[in-house]
Amino acid sequence: MNLDDVAARLGVPVGEVERVHRLADDPPPAPLPAKTDAPELLERLAVPADDAAEILAGWPDPGSELWTPELRWLLDRVTALIRADLGGHEWLPPGPELPRERGPAWRHLYVYAFLALVDVVRGYHRDHGIPDEVSWATLADLGRNLAVDRRMRGEGWPVMQAWLTLHWRGGVYELGRLQYQRGDTLGIHIPETGPLAPEAVDASLEQARAFFPRHFPAEKHTRFSCGSWLLDLQLAEYLPADSNIVRFQRRFELEPYEPPEGIDPDLEALRFVFRTLSTPVEELPRRTVLQRAILDHWMAGGHWRWRRGYFPV
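For clarity, every value in this text was computed on a predicted model and none was experimentally measured.

Student: Go over the packing of aromatic side chains, please, and point to the residues and values.
Tutor: Any two aromatic rings considered together are summarised by their centre-to-centre distance and by the angle between their planes. Applying the stated criterion to the full structure yields 15 aromatic pairs. Measuring from centroid to centroid gives 6.3 Å for Y173 and F212, while their planes differ by 70°, and the two rings are edge-to-face. With Y173 in strand β1 (residues 172–175) and F212 in helix α12 (residues 198–215), this residue pair connects regions lying 39 residues apart in the sequence. Judged by relative accessible area, Y173 falls into the buried class, the value being 0%. Plain terms: the ring middles of Y180 and F224 are 5.9 Å apart, the flat faces sit at 50° to each other, and that makes the pair tilted.

Student: Residues and numbers for the sheet that holds strand β5 (residues 253–254), please.
Tutor: Pairing within the open sheet is mixed, and its 6 strands lie in the order β1-β2-β3-β4-β6-β5. The outermost strands of the open sheet, each flanked by one partner alone, are β1 and β5. In terms of strand pairing, strand β2 (residues 178–181) meets strand β3 (residues 186–189) through 3 bridges, oriented antiparallel. Across the sheet, residue Y180 finds its bridge partner in β3, namely I188.

Student: Can you lay out the pairing of β3 for me, pointing to particular residues and giving the numbers?
Tutor: What sits between the antiparallel neighbours β2 and β3 is a turn of 4 residues. Relative to strand β4 (residues 223–228), β3 runs parallel, the two sharing 2 bridges. Its bridge partner being in β4, L186 is matched across the sheet by F224. Viewed along the sheet, the connection from β3 through α12 into β4 turns out right-handed.

Student: So, the nonpolar core: which residues are in play, and what are the values?
Tutor: If you look at the biggest cluster of nonpolar residues, it comprises 54 residues, and the most contacted ones within it are L45, L142 and W168. Ranked by residues supplied to this core, first place goes to helix α7 (residues 109–116) with 8 residues. Apart from the residues within four sequence positions on either side, L45 is in contact with L115, V118, W136, L139, A140, L142, G143 and W168. Listed in part, the 22 residues of the second largest apolar core include I130, V201, C226 and L231.

Student: Could you give me a rundown of the packing of helix α4 (residues 49–57) against helix α10 (residues 141–151), with the residues and numbers involved?
Tutor: The geometry of a pair of packed helices is captured by two quantities: the angle between their axes and the separation between those axes. At a minimum axis separation of 9 Å, α4 and α10 run at an interaxial angle of 100°. One finds that α4 runs roughly perpendicular with respect to α10. Seen from α4, the contacting residues are D50, D51, E54 and I55; seen from α10, they are L146, A147 and R150. Within the contact of α4 with α10, the residues separate by chemical class into 3 nonpolar, no polar and 4 charged.

Conventions used here
Residues numbered from 1 in each chain as written. Predicted model: local features only at pLDDT ≥ 70, side-chain atom pairs only at ≥ 80, totals over all residues. Heavy atoms only, no water. Phe/Tyr/Trp six-rings, centres within 6.5 Å; stacked < 30°, edge-to-face > 60°. Helix = DSSP H or I, 4+ residues; strand = E, 2+ residues; numbered from the N terminus. Buried < 20%, exposed > 50% of the residue type's maximum accessible area, 1.4 Å probe, protein only. Pairing = 2+ DSSP bridges. Right-handed = clockwise from strand over helix to strand, strands pointing away. Core = buried A, V, L, I, M, F, W, Y, C linked by side-chain atoms within 4.5 Å. Contact = heavy atoms within 4.5 Å. Axes fitted to C-alpha atoms, helices over the stretch in contact; angles between N-to-C directions. Parallel < 35°, antiparallel > 145°, perpendicular 65-115°, else oblique. Nonpolar A, V, L, I, M, F, W, Y, C, P; charged D, E, K, R; others polar.

This is the structure in structure tokens:
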């Protein structure tokens, strides 16, 4: 297919189509599970009922009028692109941001790619001796992210579709309260699964200390790391000294502050605390101590900072 035509029909920049084509030139069709098996699989992946219904309605059945040739072209290549980096643990944008208002096939194309790769990543997990409960808990972040994106009225998915490629390449694992990304350090991520209670964090860290040497013995990790606006020490000016976030911050030795490239900490606070990117500040809720802290800091003319910190494994 002519790449200029593909880009025009998809409504995306041609450079993004060229990147996908370059990384996955002529793959076989995406190996989707049988549609009859999909409801059970979606439930296993914690996909909410509304999203599951849309995913089934837009299923890439042969001959489906919802699936134009360029959409199928993209699905096959996105699936191959992710699969080709199985075992990778760096950020991987899987493809262009699509105009999702065009229907369920457009809205969930990247979900179909993930579904096509469930058996692949589960095989990778088995090869590394990873327990089923860890495997499924990790992959169930798909459903959690779809639920968050629905709350965000579709604003969150472009970032989430890249984030989830880490799970589907074996780069991230959920161990209790926290998620861990393989790399030079064990990168800590904080899913939206409840309070960041110190005892839950301690239990998760202990799991991680045993998990990675057991399942990835060739990787020698000496430090945990985290990069987040949640490590901004300005938060301690607004939150109680015994708050879970302040106690979490105290675990880390922070790098000297430098403005991050490509990250807007204020936007990240808006995304993770209020689950919106477009609601006017004056309309944001003040229900929690953290929400009030974020808003009070902005109202005082302040800005949040992205900080990175470490502590020994």
